[in-house]
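Breakdown of the fold
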Amino acid sequence: MIYDNWDMFGAACPCGIGFESRHARAVALRTPGGKRLVRAAGTGGGGLERWMTGAMLEYGRLGRCVAWRLEELVVRLTPLVLPLGGLPFVIQLSLRLAVFLALSALAKALLPERRRWHGAEHQVLNCLRDGRVMSVGAAMSEPVLLDTCGTVGGFWVNFAGIAAASLIHTPWVVVDALAAIVAASALQVLLERCWDKLVPLRREQRGLIARGLVRVGLWYQRLCVAAPRQYEIEDALEALRAVQDREKARRRKR
């Protein structure tokens, strides 16, 4: 789990948004009736998305959970299992990458809610980083892109998996697909563990290669975020304040 320099990590789901510090976490969800529900806990340090999933299921969002996870599986796995064996590497790589980007764009068009909450998460974190008063107006004037978001490294994780799949060729299509999934999963674990060393969180510490990786990742991130509505910014602020309140209470007890 990578935290930013402000000791805060965020995540978005199809019906809400969450934040997590090393010692606390909170999520603001929209119930099926449209009511905001804020849930907080005094433990943090990892697992925010799993905790959000549990909260969604608790409040009747099974359909949203299934759609969320299916979307991620389809976008990630479809380019890996395309039966392109025998084609030259460059052609395979180009076709698989094109499918990955097309599916990402399609998911944004069909399932925009998560992208809006994702954008709200970014705007609130950018507002926090800039040291501004945490208000709806201030947050909405911030950029919707965030260079420390997991989607930046996530693009390169998916690209590495696509490249590996384009190198694998056996006489059996099913074996090709399974080998591609295994190789992509192994590369994902490796790259996620060393990403913070390749691309430091602090911008001034990044070299030319790191800046290039971030720039391309941010281009892809545009398919993963959308400009939020006012109530989504309000939900983000409520979740962030819940985390901050728990952090303040913990420090007072020390």
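We now turn to the structure provided with this report. None of these values were measured; they are calculated from a predicted model. (Residues numbered from 1 in each chain as written. Predicted model: local features only at pLDDT ≥ 70, side-chain atom pairs only at ≥ 80, totals over all residues. Heavy atoms only, no water.)

Moving on: the packing of helix α2 (residues 62-81) against helix α4 (residues 112-129). Where α2 meets α4, the closest approach of the two axes is 11 Å, and the angle between their N-to-C directions is 85°. Taken together, the axis directions place α2 and α4 in an arrangement best described as roughly perpendicular. Residues R64, W68, E71 and E72 of α2 form the contact with α4, whose own contacting residues are E113, R114 and R115. Residue classes in the contact of α2 with α4 are distributed as 1 nonpolar, no polar and 6 charged. (Axes fitted to C-alpha atoms, helices over the stretch in contact; angles between N-to-C directions. Helix = DSSP H or I, 4+ residues; strand = E, 2+ residues; numbered from the N terminus. Parallel < 35°, antiparallel > 145°, perpendicular 65-115°, else oblique. Contact = heavy atoms within 4.5 Å. Nonpolar A, V, L, I, M, F, W, Y, C, P; charged D, E, K, R; others polar.)

So, about the pairing of strand β3 (residues 25-30). A regular strand places its side chains on the two faces of the sheet in alternate fashion. Where burial is concerned, most of β3 is hidden: 6 out of the 6 residues are buried. Alternating positions in β3 separate into two faces, R25, V27 and L29 on one and A26, A28 and R30 on the other, with burial throughout. Pairing between strand β2 (residues 16-20) and β3: 5 bridges, direction antiparallel. Residue pairing for β3: G16 is matched across the bridge by L29. Hairpin remark: β2 followed by β3, antiparallel, with 4 residues in the connecting loop. Across 6 bridges, β3 lies against strand β4 (residues 36-41) in antiparallel orientation. Across the sheet, residue A26 finds its bridge partner in β4, namely A40. Connecting β3 to the next strand, β4, in antiparallel fashion are 5 residues, including G34 with a positive phi near 95°. (Buried < 20%, exposed > 50% of the residue type's maximum accessible area, 1.4 Å probe, protein only. Pairing = 2+ DSSP bridges.)

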